[in-house]
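Observations on the three-dimensional arrangement
One-letter residues, chain by chain:
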Amino acid sequence: MGGFICTLIGVICKACVDALAGGETGGNAGFTNSLFTGLAVVLTVIGVLLTVIPAKPAKNKLIVLGIHAAIWIVGYFLLQFIIPIILVAVLLCVVLTFLGFHPLSAIFRLISGSAPAQEENFVPVQQPTEPPAEQKVEVWRRTENGGRQDLRVNSSGDMYYDPDDGDWHKIKK
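We now turn to the structure provided with this report. The structure presented is a predicted model; accordingly, all values stated were derived computationally and were not measured. (Residues numbered from 1 in each chain as written. Predicted model: local features only at pLDDT ≥ 70, side-chain atom pairs only at ≥ 80, totals over all residues. Heavy atoms only, no water.)

What follows deals with the packing of helix H1 (residues 2-21) against helix H3 (residues 58-98). Two elements in contact, H1 and H3, have axes separated by 8 Å at closest approach and are oriented at 35°. Considering the relative orientation of H1 and H3, their crossing is right-handed. In the contact of H1 with H3, the residues fall into 16 nonpolar, 6 polar and 2 charged. (Axes fitted to C-alpha atoms, helices over the stretch in contact; angles between N-to-C directions. Helix = DSSP H or I, 4+ residues; strand = E, 2+ residues; numbered from the N terminus. Left-handed = near helix turned anticlockwise from the far one by under 90°. Nonpolar A, V, L, I, M, F, W, Y, C, P; charged D, E, K, R; others polar.)

Below is the structure:
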């Protein structure tokens, strides 16, 4: 199986460089075309050697060679049609993204089944929340004449000051 994958990668390399070079044969295009053609041939030879040598009967060796030939013929011509479509799709996505549309996010949202695009721009306004009001602790005692005397409470609200003995005492709740 690995041999067929090597051949397929070789076909992809050759088809991509041919589609991108567009028939140019001079300068950098000629060098790149030659380089990727050589890479495709090397990968195909590796693929053939990986699959033909282990095949035992001669009939199986011919079938394996036929599969490699089919990968080249079908793969190359299919990729000649598919690569321009992919290039146009990528270019369209880039242009639409610059115009403010986000086609990839819409496609991924459609695939994942999440909310429609209209709700994407809606951000609920959060009302400022006030921290919970701390309860003000009050400590008082009755005076001899029946009145009320408020006592000082510390900032944490767990102790009060008794002016009679001049000491802080814990508040019992």
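Resuming the write-up.
Let us look at the pattern of salt bridges. Overall, the coordinates contain 5 salt bridges when judged by the stated rule. Taking the shortest distance from any N to any O, the salt bridge between aspartate 162 and arginine 141 comes out at 2.9 Å. Residue aspartate 162 is located in strand S3 (residues 159-162), and its partner arginine 141 is located in strand S1 (residues 139-142); the two are separated by 21 residues in the primary sequence. Note on aspartate 162: relative accessible area 12%, which makes it buried. (Salt bridge = Lys/Arg side-chain N within 4 Å of Asp/Glu carboxyl O. Buried < 20%, exposed > 50% of the residue type's maximum accessible area, 1.4 Å probe, protein only.)

Let us now look at the pairing of strand S4 (residues 167-170). Relative to S4, S3 runs antiparallel, the two being bridged by 4 bridges. In the strand pairing of S4, aspartate 162 is matched with aspartate 167. Counted between consecutive antiparallel strands, the loop separating S3 from S4 contains 4 residues, among which glycine 166 sits at a positive phi close to 70°. (Pairing = 2+ DSSP bridges.)

Attention shifts here to the nonpolar core. Phe4, Val11, Ala15, Val52, Ala55, Val64, Ile71, Tyr76, Leu79 and Ile83 form the largest nonpolar core, which has 10 residues in total. When residues of this core are traced back to their parent elements, those giving at least two are H1 and H3. The element that contributes the greatest number of residues to this core is H3, accounting for 5 residues. (Core = buried A, V, L, I, M, F, W, Y, C linked by side-chain atoms within 4.5 Å.)

Mapped onto the elements of the fold, threonine 51 is located in helix H2 (residues 27-52). A polar atom in the side chain of threonine 51 sits 2.7 Å from the side chain of histidine 68. Sequence-distant contacts of threonine 51, that is, excluding residues within four places in its chain, are made with Gly3, Phe4, Val64 and His68. (Polar contact = N/O pair within 3.5 Å; in protein donor to acceptor, adjacent residues only side chain to side chain. Contact = heavy atoms within 4.5 Å.)

This part is about the packing of aromatic side chains. Counted under the stated rule, the structure contains 2 aromatic pairs. Both rings, one in tyrosine 76 and one in phenylalanine 77, keep their centres 5.6 Å apart while their planes meet at 80°; by these two values the pair is edge-to-face. Since its relative accessible area comes to 19%, tyrosine 76 is described here as buried. Centre to centre, the rings of tyrosine 161 and tryptophan 168 are 5.4 Å apart; their planes meet at 55°, and the pair counts as tilted. When its relative accessible area of 33% is taken as the criterion, tryptophan 168 is described as partly exposed. (Phe/Tyr/Trp six-rings, centres within 6.5 Å; stacked < 30°, edge-to-face > 60°.)

Another aspect to go through is the state of the cysteines. Two cysteines joined by a covalent bond between their sulfur atoms form a disulfide. Evaluation of the coordinates by the stated rule reveals 0 disulfides. Of all cysteine sulfurs, the one in cysteine 13 lies closest to cysteine 16, which takes part in no disulfide; the gap is 7.1 Å. (Disulfide = S-S within 2.5 Å.)

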